[in-house]
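Spelled out from the first residue to the last, the chains are:
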Amino acid sequence: MERANESSLMSFILLGFSDNPRLESALFVLVLFFYILTLVGNFAIIIISYVDPLLHTPMYFFLSNLSLLDLCFTTSLAPQTLVNLRGPEKTITYGGCVVQLYISLALGSTECILLAVMALDRYIAVCKPLHYVAIMNPQLCQQLASLSWLSGLSNSLIHATFTLQLPLCGNHRLNHFICEVPALLKLACVDTTVNELVLFVVSILFLLIPPALILISYGFISQAVLRIKSAEARHKAFSTCSSHLTVVIIFYGTIIYMYLQPGNSYAQDQGKFISLFYTMVTPTLNPIIYTLRNKDMKVALKTLLSKKLCSL
């Protein structure tokens, strides 16, 4: 108990990229740039989906949830990262680390489930178009979105709490730029085999099962699209689904690399760059992919901008 109390009062030193000051300066500019893009892009999707009646559909309802997730996820990490990259102080309080861990883990887990829900929506839209409105009714959409958020919150409460119970014995030099479970496990002064096993099981539940279901659903979607006689309708279906599939590959690919590789093959510096990509870059790519490859979203954006310009 004494050890746990000792570790609960301390601050963490986030080593991050401190061994390369020039790299830190470049990363500060990049993180700031991508953070601003994330804010602008995801806010734009939320606003457009809300104000345009034509976008009041299940697909854009889930897309708005994804944008809100990305906004909150990046905001939970980017400000602290920018402070540590810019200034000489590389510390974060224990409380700040706990809050960051709980929030980022909850939001990241929620996105894993939400992307699978979005694939289900596309499957029903393409494979069962005549029943789509009846099946994907507002009540079911709300329930699926709530399930995604609650599953992420539950995972965070259980997994983060289990990790934070480990005694650190005064070791407070975190070789990362954020408070993340794999990095925190390396600080523990006790055997972490059970924690690593729990991490592996949770990773399977959130990082293997959802993408497997997504790939299965897109297998059925591909078969259904190929049966469509209209070339224009086929192109629209492929364009919409390929946007979602691109986001899925980028998101799951980077996180699976981080959480499911063998512990002895973990390259610390490489892991930090991968974390930087999925925490700062991926939330920026989502709105770009969906707006540039989605005709309805582009039309709605142009209409909104033209109205604003005419009112000036």
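These numbers come from a predicted model, not from an experiment. Each chain carries its own residue numbering, running from 1 in the written order of its sequence. For a predicted model such as this one, the threshold for reporting local features is a pLDDT of at least 70, and the threshold for listing and counting side-chain atom pairs is 80 or more; totals across whole chains, interfaces and linings nevertheless cover every residue. Excluding hydrogens and water, the side-chain values take into account all heavy atoms of the structure.

### Some thoughts on the state of the cysteines
- The term disulfide is used for any two cysteine sulfur atoms that are within 2.5 Å. If you walk through the whole model with that rule in mind, you get 1 disulfide.
- Disulfide pairing places Cys97 opposite Cys179 at an S-S distance of 2.0 Å. Handedness of the Cys97-Cys179 disulfide follows from its S-S torsion of about -130 degrees: it is left-handed. Of this pair, Cys97 sits in helix H5 (residues 94-127) while Cys179 is found in the loop between strand S3 (173-174) and helix H8 (181-185), placing the two residues 82 residues apart along the sequence.
- According to the relative accessible area criterion, Cys97 is buried, its value standing at 1%.
- With no disulfide partner, Cys112 has as its closest neighbouring cysteine sulfur the one in Cys72, 16 Å distant. Numbered from the N terminus, helices here are DSSP runs of H or I no shorter than four residues, and strands are runs of E no shorter than two. In this scheme, a residue with accessible area under 20% of its type's maximum is buried, one over 50% is exposed, and one in between is partly exposed, where area comes from a 1.4 Å probe on protein chains only.

### A short note on the environment of Ser230
- The topology assignment puts Ser230 in the loop between helix H9 (193-226) and helix H10 (231-259).
- Residue classification places Ser230 among the partly exposed positions, given a relative accessible area of 37%.

### Comments concerning the UniProt feature "transmembrane region" (unreviewed entry) in the chain
- UniProt positions are given in the numbering used here, feature names are shortened, and annotations may be inferred rather than shown by experiment. Summarizing the sequence annotation, UniProt attributes the feature "transmembrane region" (unreviewed entry) to residues 27-51, 57-78, 99-120, 197-221, 242-260 and 272-292 in the numbering used throughout.
- End C-alpha atoms of residues 57-78 are separated by 31 Å, and the span's content is 86% helix alongside 0% strand.
- Within residues 197-221, the helical portion is 100% and the strand portion 0%, while the C-alpha atoms at the span's ends are 35 Å from each other.

### Some thoughts on the side chain of Thr284
- Position of Thr284 relative to the elements: it lies in helix H11 (residues 268-292).
- With a relative accessible area of 1%, Thr284 lands in the buried category.
- Between N or O atoms, a polar contact is any pair within 3.5 Å; within protein, one atom must be a potential hydrogen donor and the other a potential acceptor, and residues adjacent in sequence are included only when both atoms are from side chains. A polar side-chain atom of Thr284 sits 2.6 Å from a polar atom in the side chain of Thr38.
- When near neighbours in sequence (up to four residues on either side) are disregarded, Thr284 contacts Phe34, Leu37 and Thr38. Residues count as neighbours in contact if any of their non-hydrogen atoms are within 4.5 Å of one another.

### Structural notes on the layout of surface pockets
- In this analysis the probe radius is 1.4 Å and the grid spacing 1 Å, with only protein atoms considered; a cavity is a set of points the probe fits into but cannot get out of, a pocket is an open set with protein on both sides within 12 Å along at least five of seven lines, and lining residues have an atom within 4 Å of a point. Grid points are joined across faces, edges and corners, and a volume is the space filled by probe spheres set on the points. Reported here for the largest pocket is a volume of approximately 680 Å³.
- Lining of the largest pocket is provided by 27 residues; of these, Tyr60, Lys236, Thr240, Asn294 and Asp296 occupy positions nearest its centre.
- The set of elements that each furnish at least two residues to the lining of the largest pocket consists of helix H3 (58-75), H5, H10 and helix H12 (295-311).
- Gly falls in the polar group here, along with every residue not listed as nonpolar (Ala, Val, Leu, Ile, Met, Phe, Trp, Tyr, Cys, Pro) or charged (Asp, Glu, Lys, Arg). Taken together, the residues of the lining of the largest pocket sort by class into 13 nonpolar, 6 polar and 8 charged.

### Here's the deal with the packing of helix H2 (residues 21-51) against helix H4 (residues 78-86)
- Two elements in contact, H2 and H4, have axes whose closest approach is 9 Å; the angle formed by their N-to-C orientations is 155 degrees. Between H2 and H4, the crossing angle belongs to the class labelled roughly antiparallel. Two packed elements cross with a definite hand, and for H2 against H4 that hand is left-handed. Contacts between H2 and H4 involve Glu24, Leu27, Phe28, Val31, Leu32 and Tyr35 on the former and, on the latter, Ala78, Pro79, Leu82, Asn84, Leu85 and Arg86.
- Of the residues belonging to the contact of H2 with H4, the class tally is 9 nonpolar, 1 polar and 2 charged. Geometry is summarised by axes, namely lines fitted to C-alpha atoms with helices restricted to the contacting stretch, and by angles between N-to-C directions that run from 0 to 180 degrees. An angle below 35 degrees is read as roughly parallel, one above 145 as roughly antiparallel, one from 65 to 115 as roughly perpendicular, and any other as oblique. Throughout, a crossing is termed right-handed when the near helix is turned clockwise from the far one, and left-handed when it is turned anticlockwise from it by less than a right angle.

### Re the sheet that holds S3
- Strand order in the open sheet formed by 3 strands is S2-S1-S3, and the pairing between neighbours is mixed. The open sheet is flanked by strand S2 (91-93) and S3, the only strands paired with a single partner.
- The strands that H5 touches are strand S1 (11-14) and S2; relative to S2, the one it contacts most, it runs at about 85 degrees. When DSSP finds at least two bridges between two strands, those strands are taken to pair.

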